Amino acid sequence: MGAASRTINAAILTTVLLMPSTAFSAAALNVDARSYTCSQISQIIRQNKKVFVRSGFGGSSFRYPPAKCGLGYARTTASFRDATGKQCVLDNACTYDSGSFYNNP
């Protein structure tokens, strides 16, 4: 019984360690800025934690809470037009930081 118990415990531990966490495996939600209002986009960012807001050819990545930007990225503001044509300015956009230690070889 002792060897079988250790085998089962090892299998459970291996399974738990290999299962991807939803926090790490969840991809950013893509949102078209011209389909929502500024307040709706803010709410989507708060609810989904990782959002890429597409505006024109490019876009901006947002993380919520703000401290969750990845290594090599800096927090800044992003501006774009929403569905009504109103100019949105949102804080806490994660942008590539070329001066970061992590982005320099």
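How each quantity is defined
Residues numbered from 1 in each chain as written. Predicted model: local features only at pLDDT ≥ 70, side-chain atom pairs only at ≥ 80, totals over all residues. Heavy atoms only, no water. pLDDT = per-residue confidence, 0-100. Contact = heavy atoms within 4.5 Å. Disulfide = S-S within 2.5 Å. Helix = DSSP H or I, 4+ residues; strand = E, 2+ residues; numbered from the N terminus. Buried < 20%, exposed > 50% of the residue type's maximum accessible area, 1.4 Å probe, protein only.

**Quick word on the confidence of the model for the protein chain**
Next up, step 1: Chain-level statistics for the protein chain give a pLDDT mean of 78 and a share of 73% at 70 or above.
Next up, step 2: Counting contacts from residues 15-25, a segment whose pLDDT is below 50, to residues more than four positions away or on other chains yields three contacts.

**Let's talk about the state of the cysteines**
Note on terminology: a disulfide is the covalent bond linking the sulfur atoms of two cysteines.
Next up, step 1: Under the definition given, this model contains two disulfides.
Next up, step 2: Each sulfur of the disulfide joining Cys 69 and Cys 94 lies 1.9 Å from the other. On the S-S bond that ties Cys 69 to Cys 94, the torsion sits near -85 degrees, and the link is left-handed. Here the residue Cys 69 occupies a position in the loop between strand 3 (58-63) and strand 4 (73-81), and Cys 94 occupies one in strand 5 (residues 87-96), the gap between them amounting to 25 residues.
Next up, step 3: Residue Cys 69 is classed as buried on the basis of its relative accessible area of 18%.
Next up, step 4: Numbered by order of appearance in the sequence, the disulfide-linked cysteines of the protein chain pair as 1-3, 2-4.

**With respect to the environment of Val 31**
Next up, step 1: Examined against the element boundaries, Val 31 turns out to sit in strand 1 (residues 29-32).
Next up, step 2: On the accessibility criterion, Val 31 (6% relative accessible area) is buried.
Next up, step 3: In the structure, Val 31 is positioned 21 residues away from Phe 52 in sequence and 6.1 Å away in space, judged by C-alpha atoms.
Next up, step 4: Setting aside residues no more than four positions away along its own chain, Val 31 makes contact with Tyr 36, Ile 44, Val 51, Phe 52, Val 53 and Arg 54.

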